[in-house]
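# Chains, contacts and geometry: an overview
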Amino acid sequence: MSEAAIPHQAEPSTAPGRPVSGHWFARALDSDVFYSFRRSRLTMIAAAVTVLFFLLAIFAPLLSVQNPFDPAQLQLMNSRIAPLWTAEGQSPFLLGTDEQGRDVFSAILYGLRISLAVGVLGVLFSGALGILLGLIAGYVGGAVDGLIMRIADVQLSFPAILIALLIDGVAKSMFGDRLDAMSTLAVLVFAIGLSFWVQYARTVRGSVMVEKSRDYVAAAQLIGLPAPVIMLRHVLPNAMGPILVIATINLALAIITEATLSFLGSGMPDTMPSLGTLIRIGNNYLFSGEWWIVAFPSFALAALILSINLLGDWLRDALNPKLR
């Protein structure tokens, strides 16, 4: 047989500006979601601000002039120094210092670490719990569904901050002084996670109840796949769009909840402050002239929450097929 008669497989196009059709990155760039992202300048700014805050938190040890969590690096002689650009400012304290001599900029960087860690871990915990309970309620149905949904209805009748305060108070009354900073962080993650699981559970339950009557689920049952595999591999992916939207919005809510708990004195201690703790500390000096102690942590928290909320609003619209 001649070489010309041998069939050849079609080569993927490599023309300039034309991505390979099977590449996931190329498909992402060509998706409606990315097109919506490119058309919204406000969303791009919000994404850039959010990424910037995460990078500042990750590289805090490299960017800060001191470790505000280390008392050996603090000097009371440097307390209440004004920002660098004012007449009373001193180098290297760009945003001034607080009453303990902590550099405010360094405290914000390390406080971002705590706030983002609590927020991200709280969202992961609440998402995992809510998705699991939603899958069970929607797939099993019956009395199990009724019990889970009644618990969800009862929890929805109380504000999330009250539930978080209750769980935090119970944990501190049980363990008392045995709670160190890391244990307090774990308690906050647990309290916030238990406060926000309901939205995930109700959303996943609704999707499961719709999808479990589809032919592909019946086919999976027919070939003998176990229920957990069917729920996780076949049913859950159809609910990922709403879950991503809820997770993004709940990240901002979790950070606000942690900041509120810390501001009320039920969150992170003064030795390992989050943004909420820094705001509580600075609020005591607001009317004594040291405005920078509360102003800059408040601005950082507000900018972080606003950028995440803007991303959540965009993601909700971008994943809604009725708005495309």
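Residues numbered from 1 in each chain as written. Predicted model: local features only at pLDDT ≥ 70, side-chain atom pairs only at ≥ 80, totals over all residues. Heavy atoms only, no water.

## Brief notes about unusual backbone geometry
- Here the residue pair Ser-91 and Pro-92 is connected by a cis peptide bond, since its omega of 10° sits within 30 degrees of zero.
- Structurally, Pro-92 is set in the loop between helix 4 (60-63) and helix 5 (104-140).
- Backbone geometry places Arg-80, a non-glycine residue, at a positive phi of 55°.
- Along the chain, Arg-80 falls in the loop between helix 4 and helix 5. (Helix = DSSP H or I, 4+ residues; strand = E, 2+ residues; numbered from the N terminus.)

## A few points about helix 5
- If you check helix 5, its first and last C-alpha atoms are 53 Å apart, about what 37 residues at 1.5 Å a residue would give, namely 54 Å.
- A positive phi of about 70° marks Gly-141, the residue just after helix 5. (Expected span 1.5 Å × (residues − 1).)

## Some points on the pattern of salt bridges
- Within the structure shown, the criterion is met by six salt bridges.
- For the salt bridge of Asp-98 with Arg-102, the shortest nitrogen-to-oxygen distance reads 2.8 Å. Judged on exposure class, the residue Asp-98 and its partner Arg-102 are both buried.
- For Arg-150, the salt bridge identified is with Asp-153, shortest N-O distance 2.9 Å. Here Asp-153 and Arg-150 lie together in helix 6 (residues 142-156), a separation of three residues that amounts to about one turn.
- Among the residues examined, Arg-150 registers a relative accessible area of 48% and is labelled partly exposed.
- Residues joined by salt bridges that share partners form a network here, namely Arg-150, Asp-153 and Arg-202. (Salt bridge = Lys/Arg side-chain N within 4 Å of Asp/Glu carboxyl O. Buried < 20%, exposed > 50% of the residue type's maximum accessible area, 1.4 Å probe, protein only.)

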